[in-house]
Every structure is written in structure tokens, then in C-alpha cells.
Amino acid sequence: MPINYDDNIYEVTRDRERCIDCRVCERQCANLVHAYSSELGRMTSDSMSCVDCQRCVSLCPARALKIIKNPNVYRDNANWNDAAIKSVYKQAGSGGVLLSSMGTPEPYPVYWDRILVNASQVTNPSIDPLREPMETRVALGVKPQNAERNGRGELINTLRNPMVLSVPIMFSAMSYGSISYNAHKSLAAAAEKLGIFYNTGEGGLHKDFYRYGKNTIVQVASGRFGVFKEYLDAGAAIEIKMGQGAKPGIGGHLPGEKIVEDVSRTRMIPMGTDAISPAPHHDIYSIEDLRQLVFSLKEAVNYSKPVIVKIAAVHNVAAIASGIARSGADVIAIDGFRGGTGAAPTRIRDNVGIPIELALACVDERLRGEGIRNEVSLVVGGSIRNSADVVKAIALGADAVYVATGALLALGCHLCRSCHLGKCNWGIATQNPELVKRLNPEVGSERLVNLVTAWKHEIEEMMGGMGINSIEALKGNRLMLRGIGLNRKELDILGVKHAGE
Amino acid sequence: MKKIYVQEEWCLKCRLCEYICAYANSGFKDIAAALKDKPINTRITVEESGRISYAVSCRHCDEPSCVKSCISGALEKVDGVVKIDKDKCVGCFTCVLACPYGAIAAGEDGAAMKCELCVENSGGSPMCVKYCPNRAIILE
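Because the structure is predicted, anything quoted here is derived from the model rather than measured.

Quick notes on the rules
Each chain has its residues counted from 1, following the order in which its sequence is written. Just so you know, chain letters begin at A and ligand numbers begin at 1, following the order they were written in. Local features in this predicted model are restricted to residues whose pLDDT is 70 or higher, and side-chain atom pairs enter the listing and the counts only when it is 80 or higher, whereas totals over whole chains, interfaces and linings include all residues. Helix and strand definitions follow DSSP, with helices as H or I runs of at least four residues and strands as E runs of at least two, each counted in order from the N terminus. C-alpha atoms define the radius of gyration in this analysis, and the globule rule sets the expected value at 2.2 Å times the number of residues to the power 0.38. Here a residue counts as buried when 20 or more other C-beta atoms fall within 10 Å of its C-beta, as exposed when 12 or fewer do, and as partly exposed in between; the C-beta atoms come from the backbone. For the purpose of contact definition, each residue receives a C-beta atom placed from its backbone, and two residues are in contact when these atoms lie within 7 Å. When DSSP locates at least two bridges between a pair of strands, those strands are taken to pair. Here is how to tell: hold the view so the strands point away, follow the path from the first strand over the helix to the second, and if it runs clockwise the crossover is right-handed. Domain extents, as shown, originate in an automatic or database domain assignment. Polarity classes work like this: nonpolar for Ala, Val, Leu, Ile, Met, Phe, Trp, Tyr, Cys and Pro, charged for Asp, Glu, Lys and Arg, and polar for all others, with Gly in that last group. Remark: nonpolar core denotes a set of buried Ala, Val, Leu, Ile, Met, Phe, Trp, Tyr and Cys residues whose joining runs through C-beta atoms within 7 Å. Helix axes use the C-alpha atoms of the stretch in contact, all axes being lines fitted to C-alpha atoms, and the angles between their N-to-C directions lie in the range 0 to 180 degrees. Between 65 and 115 degrees an angle is taken as roughly perpendicular, under 35 as roughly parallel, over 145 as roughly antiparallel, and anywhere else as oblique. Take the far helix as your reference; a near helix turned counterclockwise from it by less than a right angle gives a left-handed crossing, and one turned clockwise gives a right-handed crossing. Expected span of a helix: the number of residues minus one, times 1.5 Å.

1. Describing the overall build of chain B
The helix and strand inventory of chain B stands at five helices and eight strands. Mapped in sequence order, the helices and strands of chain B form the string β-α-α-β-β-α-β-β-α-β-β-α-β. Relative to its length of 140 residues, chain B is compact, with a C-alpha radius of gyration of 15 Å against a globular reference of 14 Å. A burial count over chain B gives 39% of its 140 residues as buried. Considering only residue pairs separated by 6 or more positions, chain B has 56% of its internal contacts joining residues 24 or more positions apart.

In C-alpha cells form, the structure reads like this:
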């Protein structure tokens, strides 16, 4: 037998004093970590397959379980740390590309945490959102250059099919296939209740969810899975996915095991076949080509819906965004490198792309400089974690934000980053019916509605504190931001002053 | 009076309800003290076969067979809840035979044992409903 180089990262510990041997942990673990030993007459755990999803910990009625880091250590080495060594062992054993899920866990700077928000004192009164009206509604799409009025002096609405959101937050693209039916249903139902949008991702739209159409963004990606006339007609907006923050420059690969009957029908591919999205769109090699697709899609829906173009935040994102703004797209969505994924090569996820804060600031600046900022709306995603991140993103120039990881957390995800294994114990990133049923969409959608409602309250509080009563007045209002612990270059790119300035 | 309903679609057969029920009716403050190395006296049972599972507890029937069958008058329906007076119960278990749902069992103390919607115990409201992780057991 070959030497076992595998070493479990997490250790399940069980308080024998408290464990009542109810076997709930055993029944809930799809990784078969827990088992009842009739020989020992008690529960046992095999930590080797534990992914630290916390399902057993959350359901243990006696609070007897804890997952800790495996105290077994290799010799300290700042260069060859444990993760680096284990990666080599793994690849030397498998010969394969390392796969990971969700956003990068590497300790890159999070600029949101180095930006502070202003508040009113004395000279400009703050506003109490509980007593005074507060507008958090936004409209995405092309904005007119000038206000036009009719003979009676009333404003003429010249907005072209805008997407109207009650709060500048949307659930970003997660395909049916990468996430479960119940996860999709939770997102769709919550979006409808909240008056916002969710995004189908590239996996097509299940027939059951056509009824949420007015709150749905239908995505067209390089694989074109499930794209046909009815699909485009079903949504309220169409998104062309050029790239994804977690894996810029590469396509997608949904393993055949996840292509079960319903997913196969929705994606329009045979059951059990791998769903491979090519890295590029094979018909797009220039902004002109992109423009053709934008207008093909608009033509297909009779110019009744806005088209979003989603790109990953990469080094020359500003120039790319400028091109997209001229391609006829109504909205540009930019996904930062901390954004999540159902599966990506680890090295790509952890090393490719740039932070969304910097990408947003430079794109907004560039579009303003070119006088075309009103031609498109900007939506940013890639690790928006709370309402303060939303406020900072809006003040940096975004029209709205995309939230996906946060939404999955609301559904129960514990960021174990094992989506690619397809055995999600929370019923989110799996197609196994036994696991899928663990997410009751009634509970899931309620939790999503709670989350966004809570964020809305907080956004209103922060806006009120700044003396602002409309999200439009916060948009691109970088004077409301100050950097903390940032160097001159970073401040220049972000377009904000340092705290104290 | 509200009743407990089970939604088979959302039952995960985790059997948490069984243990929570036994704990709620144990009189102990601590769940480990109540259930560790002890027989589990539950008033709700998860029935399962293959992929199908659901929890079964007293239906608090409109015309309860158990109440009719009780030879000592220990079972009585009060405010929509079929209750058992343990002092009156003689342990003949005719009710166990009479219940069409198998929702009554012999308790540890020799008397029959059944769901009383946690109105008599420390819970106050059905604990299986409160602790079901997937809203598979509901009260409405």
C-alpha cells in the first residue's frame, strides 16, 4: 500500500459527557464522517473526510460537537507553509489541476475595510430614516443626458426599459445545476418579494421558475446552455457573461454527475454529460462582435429588455468597460477577484484578477472622463459582505451591487468551499435529492428577505447619518469616503482622500 | 385549536424531533442529563421507508378512538388536545391498540404516553415544531 500523504485539515471533537448518541450527526453527514459503532456502543467520527461544513455542529441537540483545526503540524515554515506542502502532495498523487470552490480565502487586502464613511455634524443635519422618507430605489439602464419636460412642465420619462430595484442589491448569477432547485427557488421567491432581481446563471431557467420572470435576469454565457426564445422572453433583463471574478479568462465545467434529469432538460444537454463552457464566446473577439451579440439579443426580444454585460475585474478593466459602454449594453456588471464559484482551478481563483473596489473606482472614473457614464449602469460584485460594503460601493460609483456568497450564507452555507464535490450538506450546491430537500425554499426565501431587509435598514441609517435621503445622491459621492491606512497610489485609484484630509 | 401537520416533502429523517420530544417531556433542564445513556421516551416517531419519511404523532382526532376505548377514563379531549391523566391510567394499553396511527405508546412509568402538544410540559408549545430544522413539522 502506498504511503498516505493525505492529512485531514479539520478534526471532529465530541464531548463524550454530552453526546447522547442520537445519531443526528450521522444521518446528516453526506461525507460519512460520523458512525455509530455497535461494538463500542457509542458514536465515532472519522475526521479524514470532514470538510468543516458545520452541519453536524448546527444540528447536534446536545451541543456535543466541535470542529477544530487538526493540531498535527509540519515544521514551521513561512515559505513552504502547510497549504503549499499539501498542494504538492495532492498533485504528486493525482496529477490533476487543483480545484476549489467559493471566493479566494487568501489574505489579499480588502479595500472596503480600509474605507470609512462620513456623517453629518452641526452644520448639515443628519436625517432619521424612521421618521423621514428615505429613497433606496434605483433604476438601472441608460440615463438621459438632459431632463425633458412637456408643455405643462412635467418631466418626460425617457428611460429605456429600466430595471427598477427597491434596494440597490441583486442576487448574482448562480446556475441551476451548480446550485439546487430549492436554492434557485429560494432566490427567485425572495427576489420577487423584495422587488429586486436574481440571476439564472448560465444553466437556463427551469420551467417552474418562469413565473418569477419579472424578477429574473436570464444569462447567456459561452456555453449557451438552455438559451432559446422563450428563455430570453421569460426574463426581465438579459446578461451576457464574458467573465467571472473567481476565474477570469477561463470557462466553466459542471461535472456530469450534476447533470441529472431536470438539469439536463433545463440546460438542453444529455443527462450525465459534462457541461463545458468555453473560455471565450466563440463569436466574440472584439467590441464590435460583442455589439453584434448585444443587438442580436435585443432584436430577439424586440428591444423590450435591457442587456447586461458581465466581466471579471482584470488589469485593464477600465478600457474594456469603456468599450462595453459603446457596445449598446445597458448595464456593465463587474465581478471582483474575491467573487465565488461552484468550482474553479485553485491557482486561477487565488491569483488572477483584481479587487472590485479598485476596478469599480477606475471604471467609474474612466466612463465619467469619457462623458459616457450615463450610457450605462454599473453593477459590482465579488464579495459584498454587508450593508457597509454596499454603501461604500455606491459612493465609489456603483449603481447597484451583486450579492451571491452572502445570499448562500443566508441559505445556510458555511463556506466549507467544497461545492465541487457535489455533496453539500446544506442542500445548496448539490443535485442529490436527499440533500436538496434539506433546503426548504419557504425557510430559505424568508431568510434572504430578512437579510436584504436588514441591509436596507442599515443603508438608510448610514445615508441618514450622512444627511442624504436618496441613494441617487450617494452615487459616486466619493467625498463621503476616506481611506485609512492606504498609500497615495491606492487613494489616487480609489479617488478618495485619506482620513484626516 | 391548532394541530401539528407534517410535510413529508421536507422531512430529513434526522429524527431530531424524537430526541427533542423525549427531552421536553423528561423534566430535566439539561438535554445530556435527560437523555444520555437512557431509554428515549418519545411521543413522536419518524416513519421511513426508502426515500419517504415523516414524523407521526397524535392527530388529536375529532372522534378519538383512544378516548372511546379507555376503560378508566384517563384519556379525555380538552380544548382540542387529547390528554392523558396518568393517575387514572391503569396501563391496560387498550388505547395503544385502538389508535389507528400508532401514536400512543407505553411509557416508562407504566402509564400510556402520547403527544399533548407540549401544553403540560416545560415547552409550552410543541417543541418538535420549534426545533424541526427544515420546517417539516408545522403547527397550524
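2. Here we look at the overall build of chain A
Tallying secondary structure elements over chain A gives 16 helices and 21 strands in all. The C-alpha atoms of chain A give a radius of gyration of 24 Å, which matches the 23 Å a tight globule of 501 residues would have. Taking all 501 residues of chain A together, the buried fraction comes to 49%. A fraction of 68% describes how many contacts in chain A between residues 6 or more apart in sequence connect residues 24 or more apart.

3. Structural notes on the pairing of strand β15 (residues 307-312) of chain A
Residue and element names in this part refer to chain A. Burial runs high along β15: six of the six residues are buried. Of the two faces of β15, the one holding Val-307, Val-309 and Ile-311 and the one holding Ile-308, Lys-310 and Ala-312 are both buried throughout. Alignment of strand β12 (residues 237-241) against β15, held across four bridges, turns out to be parallel. In the strand pairing of β15, Ile-238 is matched with Val-307. Of the strand pairs in this sheet, β15 and strand β16 (residues 331-335) are connected by five bridges, and their pairing is parallel. Paired with Ile-308 across the bridge in β16 is Val-331. In this fold, the crossover linking β15 to β16 by way of helix α8 (residues 317-325) has right-handed handedness.

4. Digging into the sheet that holds strand β21 (residues 497-498) of chain A
Residues and elements named next belong to chain A. Taken together, three strands build an open sheet; the order of strands is β6-β20-β21 and the sheet is mixed. Each edge of the sheet is formed by a strand with only one pairing partner; in this case those strands are β6 (115-117) and β21. Relative to strand β20 (residues 481-483), β6 runs antiparallel, the two sharing three bridges. Bridging across to β20, Leu-116 finds its partner in Arg-482.

5. Notes on the domain arrangement of chain B
Residues and elements named next belong to chain B. Examined at the domain level, chain B breaks down into domain 1 (1-57 + 117-140) and domain 2 (62-114). For domain 1 and domain 2, the distance between their C-alpha centroids amounts to 19 Å. Residue-level contacts link eight residues of domain 1 with ten residues of domain 2. Its residues assigned to classes, the side of domain 1 that touches domain 2 shows five nonpolar, two polar and one charged.

6. What about the environment of Lys-88 of chain B?
Residue and element names in this part refer to chain B. Mapping Lys-88 onto the fold places it in the loop between β5 (81-84) and α4 (94-98). Measuring from C-alpha to C-alpha, the distance between Lys-88 and Cys-14 comes to 35 Å, with 74 residues separating the pair along the chain. Among all residues touching Lys-88, those that are not within four sequence positions of it are Ser-72, Gly-73 and Ala-74.

7. Considerations on the interface of chain B and chain A
Across the contact, 17 residues belong to chain B and 16 residues belong to chain A. For the side of chain B that touches chain A, the secondary structure elements donating two or more residues are α1 (16-24) and α2 (31-35) of chain B. Class assignment of the residues belonging to the side of chain B that touches chain A gives a composition of ten nonpolar, one polar and six charged.

8. Re the nonpolar core
Membership of the largest hydrophobic core comes to 189 residues, with the highest contact counts inside it found for Ile-332, Ile-334, Leu-360, Val-379 and Val-401 of chain A. Sequence-distant contacts of Val-401 of chain A, that is, excluding residues within four places in its chain, are made with Pro-168, Ile-169, Val-379, Val-380, Gly-381, Ile-384, Val-390 and Ala-393 of chain A.

9. Notes on the packing of helix α4 (residues 181-194) of chain A against helix α14 (residues 441-465) of chain A
Residue and element names in this part refer to chain A. α14 packs onto α4 with a crossing angle of 45° between their chain directions and a minimal axis gap of 8 Å. Judged on the interaxial angle alone, α14 and α4 are oblique. The element α4 and its partner α14 pack so that their crossing is right-handed. Here α4 contributes Asn-182, Ala-183, Lys-185, Ser-186, Leu-187, Ala-189, Ala-190, Lys-193 and Leu-194 to the contact with α14, which in turn contributes Pro-441, Gly-444, Ser-445, Leu-448, Val-449 and Val-452. Considered class by class, the residues forming the contact of α4 with α14 number nine nonpolar, four polar and two charged.

10. Side note on the pairing of strand β11 (residues 216-220) of chain A
Every other side chain in a regular strand lies on the same face of the sheet, so the side chains alternate between the two faces. Residues and elements named next belong to chain A. Along β11, five of the five residues are buried, which leaves the element largely enclosed by surrounding structure. Residue alternation in β11 divides its side chains into two sets, Thr-216, Val-218 and Val-220 and Ile-217 and Gln-219, and both sets are buried. Summarising the sheet, β11 and β12 pair through four bridges and their orientation is parallel. By the bridge assignment, Gln-219 is partnered in β12 with Glu-239.

11. Considerations on the domain arrangement of chain A
Residues and elements named next belong to chain A. Entries for chain A in the domain assignment read domain 1 (10-96) and domain 2 (138-144 + 165-474). Relative to domain 2, the C-alpha centre of domain 1 lies at a distance of 33 Å. With nine residues of domain 1 in contact, the opposing surface of domain 2 contributes seven residues. In terms of residue class, the side of domain 1 that touches domain 2 is made up of four nonpolar, three polar and two charged.

12. Side note on α14 of chain A
For α14 of chain A, with 25 residues, the first-to-last C-alpha span of 36 Å sits near the 36 Å given by 1.5 Å per residue. Gly-467 of chain A lies just past α14 of chain A and shows a positive phi near 80°.

13. Here's the deal with the environment of Leu-290 of chain A
Residues and elements named next belong to chain A. Within the secondary structure, Leu-290 sits in helix α7 (residues 287-300). Given 23 C-beta atoms within 10 Å, Leu-290 falls into the buried group. A C-alpha to C-alpha distance of 9.1 Å links Leu-290 and Ala-329, two positions 39 residues apart in sequence. The residues contacting Leu-290, other than those within four sequence positions of it, are Ile-284, Val-309, Ile-324 and Ser-327.

14. Section: α1 of chain B
Within α1 of chain B, nine of the nine residues are buried, which leaves it mostly tucked inside the rest of the structure. Inspection of α1 of chain B places Leu-16, Cys-17, Glu-18, Tyr-19, Ile-20, Cys-21, Ala-22, Tyr-23 and Ala-24 of chain B among the buried residues, and these make up the whole buried set.

15. Quick word on the packing of helix α11 (residues 387-396) of chain A against α14 of chain A
All names here are of chain A. Between α11 and α14, whose axes approach to 9 Å, the crossing angle comes to 50°. Accordingly, the angle class assigned to the pair α11 and α14 is oblique. By crossing handedness, the relation of α11 to α14 is classed as right-handed. For the pair α11 and α14, contact is made by Ser-387, Val-390 and Val-391 and by Trp-455, Glu-458, Ile-459 and Met-462, respectively. When the residues that make up the contact of α11 with α14 are grouped by side-chain class, the tally is five nonpolar, one polar and one charged.

16. Side note on unusual backbone geometry
Excluding glycine, residues mostly have negative phi values, and the peptide bonds linking residues are mostly trans. In this structure, Asn-161 of chain A takes a positive phi of about 40° despite not being glycine. In this structure, Asn-161 of chain A sits in the loop between β7 (138-140) and β8 (163-165).

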